[in-house]
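# Inside the fold
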Amino acid sequence: MRMFRRVQLLIARLSATRFGAWFVRTCIQPLDRLLLWLTGGRIGVVSLFYPTLILITTGARSGTQRRTPLIFLPDGNRIVLVASNFGRDRHPGWYYNLRANPQAQVNMYGHLFECRAREVSGIEYLELWERAVRYYPGFAVYASRAGRTIPIVVLELNTPI
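Everything in this summary refers to the structure shown in the same document. (Residues numbered from 1 in each chain as written. Predicted model: local features only at pLDDT ≥ 70, side-chain atom pairs only at ≥ 80, totals over all residues. Heavy atoms only, no water.)

Looking now at the overall build of the protein. Looking only at helices and strands, the protein has five helices and seven strands in total. Secondary structure of the protein in N-to-C order comes out as α-α-β-β-β-β-α-β-β-α-α-β. Its C-alpha atoms give the protein a radius of gyration of 15 Å, within 12% of the compact-globule value 15 Å for 161 residues. If you line up the protein on its principal axes, its C-alpha atoms span 35 × 35 × 30 Å. Per-residue burial over the protein gives 45% buried out of 161 residues. If you take every contact in the protein between residues at least 6 apart in sequence, the share linking residues at least 24 apart comes to 67%. Of the roughly 8,900 Å² that the protein leaves accessible, carbon and sulfur atoms contribute 60%. (Helix = DSSP H or I, 4+ residues; strand = E, 2+ residues; numbered from the N terminus. Rg over C-alpha atoms; globule rule 2.2 N^0.38 Å. Buried < 20%, exposed > 50% of the residue type's maximum accessible area, 1.4 Å probe, protein only. Contact = heavy atoms within 4.5 Å. Areas by Shrake-Rupley, 256 points an atom, 1.4 Å probe, with all protein chains shown as cover.)

Structure representation (structure tokens):
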């Protein structure tokens, strides 16, 4: 187990570099999307190392369904998402989609759930940010590079569909 955690931390460290973030965003993420699509959300590249889900949102402007693979922090009957966007200077599209329409779905390991999103703030934000950075240290690097406060979104899960 300790060896697996070391591998996770090494991956987080590498993917937090500018080149690593670019590589994950442009090479790994498209492959991940394909594998997750082919396996019905059960297996992806990133999911070998971190829990991964497919977030299904409604486009804020387009109104079309958007699917985004994301790593997440499980937290009881809810899911914690960090809108880091690989340290870029703007929030990711899925964040804006959830602000416009907080009703969404997640596909976790082939199981589909309805959920409602809410952005956290205050003490809850600080506690979840600390947990997120402990789990995936790349988030702290992304935050310093982005020059913005990185939002944290909690998905309250309903029963599976």
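Still more ground to cover, so stick around.
Pairing of side chains with opposite charge becomes possible as their charged atoms draw close. What the rule picks out here adds up to six salt bridges. Salt-bridge contacts for arginine 78 lead to aspartate 75; the nearest nitrogen and oxygen are separated by 2.6 Å. Classification of aspartate 75 as partly exposed rests on a relative accessible area of 22%. Glutamate 130 is the salt-bridge partner of arginine 134, the closest N and O atoms lying 3.2 Å from each other. Remark: glutamate 130 and arginine 134 occur in helix α4 (residues 122-135); sequence separation between them is four residues, near one turn of the helix. Look at arginine 134 and you get exposed, because its relative accessible area is 52%. Several salt bridges share partner residues, and in doing so they unite Asp75, Arg78, Arg118, Glu124, Arg131 and Glu156 into one network. (Salt bridge = Lys/Arg side-chain N within 4 Å of Asp/Glu carboxyl O.)

This part is about the packing of aromatic side chains. Counted according to the given criterion, the structure contains ten aromatic pairs. Considering the side-chain rings of phenylalanine 19 and phenylalanine 23, the 6.1 Å spacing of their centres and the 25° angle between planes classify their relative orientation as stacked. Of this pair, phenylalanine 19 and phenylalanine 23 both sit in helix α2 (residues 18-38), four residues apart, which is roughly one turn of that helix. Centroid distance phenylalanine 139 to tyrosine 142: 6.5 Å. Interplanar angle 65°. Geometry classified as edge-to-face. On the criterion of helical spacing, the pair formed by phenylalanine 139 and tyrosine 142 is a turn pair, its members being three residues apart in helix α5 (residues 138-146). Tyrosine 142 matches phenylalanine 139 in its accessibility class, with the two residues each being buried. (Phe/Tyr/Trp six-rings, centres within 6.5 Å; stacked < 30°, edge-to-face > 60°.)

Counting 22 residues, the largest nonpolar core has Val82, Trp129, Phe139, Tyr142 and Ile152 as its most contacted members. Element by element, the count of residues in this core is highest for α4, at four residues. Ranked by size, the runner-up nonpolar core spans 19 residues in total, among them Leu55, Ile79, Leu81 and Ala117. (Core = buried A, V, L, I, M, F, W, Y, C linked by side-chain atoms within 4.5 Å.)

Residue placement: tyrosine 109 occurs in the loop between β5 (103-108) and β6 (111-119). In this structure, tyrosine 109 is in contact with Gly41, Arg42, Pro51, Thr52 and Phe72, ignoring residues within four places of it in sequence.

Let us look at the environment of valine 133. The residue valine 133 is located in helix α4 in this model. Separated by 111 residues in the primary sequence, valine 133 and tryptophan 22 have C-alpha atoms spaced 20 Å apart. Not counting residues within four places of it along the chain, the set of residues in contact with valine 133 comprises Phe139 and Ala140.

Let us now look at unusual backbone geometry. A positive phi is found at phenylalanine 86, a non-glycine position, where the angle reads about 60°. In this model, tyrosine 109 sits at a positive phi of 55°, which is unusual for a non-glycine residue.

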